[in-house]
Amino acid sequence: MEIQSFAQLLIFGSFIGLVGWTIANQLGRTQFKLKSREDWLLDGTGLTIQGILIPLLQATLVYSLYQHLFPVQQGSLKLTLIPTFIISFVVVDYLYYWNHRLLHTKFLWKVHQVHHTVTQMDVLGTSRNTLWTSLLIIYLWIHTLFVYLLADPTGYLLGVSLTSALDLWRHSRLMIPVNTRLYQFLSTWLILPQDHAWHHCREIQKNYNYGANLKIWDKLHGTYYESEKLPSIIGIPVSLNLFQKLLFPFS
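In this report, we go over the structure that sits alongside the text. Remember, it's a predicted structure, so these values are computed and weren't measured experimentally.

## Things to note about the overall build of the protein chain
Looking only at helices and strands, the protein chain has 11 helices and 0 strands in total. What you see for the protein chain is a C-alpha radius of gyration of 18 Å, in line with the 18 Å of a compact globule of 251 residues. Judged by the C-alpha coordinates and their principal axes, the protein chain covers about 55 × 45 × 35 Å. Looking at the 251 residues of the protein chain, the share that counts as buried comes to 46%. Accessible surface for the protein chain amounts to roughly 13200 Å². Of this, 67% is attributable to carbon and sulfur atoms. Of the charged side chains in the protein chain, 18 are positive and 13 negative, and the gap between their average positions amounts to 6 Å.

## A word on the nonpolar core
Judged by nonpolar contacts, the single largest core of 19 residues is most densely connected at F15, V123, L124, W169, L190 and L192. Secondary structure elements with two or more residues in this core: α1 (2–24), α4 (81–103), α7 (154–170) and α8 (181–186). Excluding anything up to four places from it in sequence, L190 contacts L166, W169, D195, N213 and K215.

## Re unusual backbone geometry
One non-glycine residue, N209, adopts positive backbone phi at about 55°. Residue position: N209 is located in the loop between α9 (193–199) and α10 (216–220). Judged by relative accessible area, which is 0%, N209 ranks as buried.

## Some thoughts on helix α6 (residues 138–149)
Counted at 1.5 Å a residue, the expected span for α6 with its 12 residues is 16 Å, and the 16 Å between its end C-alpha atoms agrees. The complete set of buried residues in α6 reads L140, I142, H143, T144, F146, Y148 and L149. The inward-facing, buried residues of α6 abut α3 (37–69), α4 and α7.

## A look at the pattern of salt bridges
Enumeration over the complete set of coordinates arrives at 7 salt bridges. Note that R128 and D39 form a salt bridge whose closest N and O atoms lie 3.4 Å from each other. Residue R128 is located in the loop between α5 (109–112) and α6, and its partner D39 is located in helix α3; the two are separated by 89 residues in the primary sequence. Exposure class is identical for R128 and D39. Each is buried. Between D43 and R128 there is a salt bridge; the shortest N-O distance is 2.6 Å. With a gap of 85 residues between them, D43 in helix α3 and R128 in the loop between α5 and α6 connect regions that are remote in the sequence. The same class applies to D43 and to R128, which are both buried. Shared partners join several salt bridges into a network, and the residues in it are K35, D39, D43, D122 and R128.

## Re the packing of α4 against α7
Taken N-terminus to C-terminus, the directions of α4 and α7 make an angle of 35°; their axes are 6 Å apart at the nearest point. In terms of crossing hand, the pair formed by α4 and α7 is right-handed. In contact with L81, T84, F85, I87, S88, F89 and V92 of α4, α7 contributes T154, G155, Y156, L158, G159, V160, L162, T163 and L166. Split by residue class, the contact of α4 with α7 holds 10 nonpolar, 6 polar and no charged.

## Some thoughts on the environment of P153
As for its placement among the helices and strands, P153 is situated in the loop between α6 and α7. The exposure class of P153 is buried, given its relative accessible area of 18%.

## Observations concerning the packing of aromatic side chains
Following the criterion strictly, the structure yields 15 aromatic pairs and no others. Both rings, one in Y94 and one in Y97, keep their centres 6.4 Å apart while their planes meet at 5°; by these two values the pair is stacked. Of the two residues, Y94 and Y97 both sit in helix α4, 3 residues apart, roughly one turn of that helix. Note on Y94: relative accessible area 28%, which makes it partly exposed. Grouping aromatic residues by their ring pairs yields a cluster made of Y94, Y97, W98, Y210 and W217.

The rules we used
- One numbering rule holds for all chains: residues counted from 1, following each sequence as written.
- Given that the model is predicted, a residue must reach a pLDDT of at least 70 before its local features are reported, and side-chain atom pairs must reach 80 or more before they are shown or counted; all residues, however, enter totals for whole chains, interfaces and linings.
- Heavy atoms from the whole structure form the basis of all side-chain values; hydrogens and water molecules are not counted.
- In DSSP terms, a helix is any run of H or I states spanning at least four residues, a strand is any run of E spanning at least two, and both are numbered starting from the N terminus.
- C-alpha atoms define the radius of gyration in this analysis, and the globule rule sets the expected value at 2.2 Å times the number of residues to the power 0.38.
- Exposure categories follow from relative accessible area, calculated using a 1.4 Å probe and restricted to protein chains: below 20% of the type maximum is buried, above 50% is exposed, and the middle band is partly exposed.
- Each accessible area is a Shrake-Rupley estimate made with a 1.4 Å probe; only the visible protein chains count as cover when residues are assessed.
- When charges are counted, Lys and Arg are positive and Asp and Glu negative, with His and the chain ends excluded.
- By convention, the charge on Lys lies at NZ, on Arg at CZ, on Asp at CG and on Glu at CD.
- Among buried residues, those of type Ala, Val, Leu, Ile, Met, Phe, Trp, Tyr and Cys that are joined through side-chain atoms within 4.5 Å constitute a nonpolar core.
- Whether two residues are in contact is decided by their heavy atoms, any of which lying within 4.5 Å being enough.
- Each helix should span, by expectation, one fewer than its residue count multiplied by 1.5 Å.
- For salt bridges, the criterion is a side-chain nitrogen of Lys or Arg within 4 Å of an Asp or Glu carboxyl oxygen.
- Only the contacting stretch of a helix is used when fitting its axis, a line to C-alpha atoms as for every element, and angles between N-to-C directions run 0 to 180 degrees.
- Put simply, a crossing is left-handed when the front helix is turned counterclockwise from the back one by less than a right angle, and right-handed when it is turned clockwise.
- Amino acids outside the nonpolar list (Ala, Val, Leu, Ile, Met, Phe, Trp, Tyr, Cys, Pro) and the charged list (Asp, Glu, Lys, Arg) are all regarded as polar, and Gly is one of them.
- Each Phe, Tyr or Trp ring, with Trp reduced to its six-membered ring, pairs with another whose centre is within 6.5 Å; inter-plane angles below 30 degrees give stacked pairs, above 60 give edge-to-face pairs, and intermediate values give tilted ones.

These figures come from the coordinates and say nothing about function on their own.
Below is the structure:
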């Protein structure tokens, strides 16, 4: 329970801190003022689903599903803290890379496109999506599976919470100055807000920077785009009404 409380505190604290920074920042306040009612509704709904509904779904229906499918495997993986953290932060990150690329294929793009209607890097837009998109993201299924299989999921949950906090950060405009040692250290391996902004940009035709935590996957598969600057235009226009964006993103 202590590690679960810490994980929740890390995610909630990151969210509150980034929202507070955005409000304190003049450009951030301007972005909030320019958000339409529809955008506020989309972002608020997405955050509610990701922050409340998905954890409840994992703890009840998905967990029960694994109890039914693998009744004798519960707690069977006896790994220490560091290996379980690596599984969560590195191995699952690679699986998410391919999951994300799949969402950008012609077959699934319609479902994912609502996330790319965000027109400003904004922590509130982190979870903007069609209501059922989370069912197609591996986090819902694989996190619950490992928590079910691991005898001690402490390290795994630490990786999950850190990944979630970084997800909030990389959707914000809280940039690390490029002339600092911290930037020089992190920019070699960690996906930064600058990197993820180029994933959302409208200036280049090809999609880049699919990774969540680590840059190695994009570099390995030729999908990495590097720039210390931010794109001038992000977000895509879509001809969808609010109902379609929330439930049926097909025009």
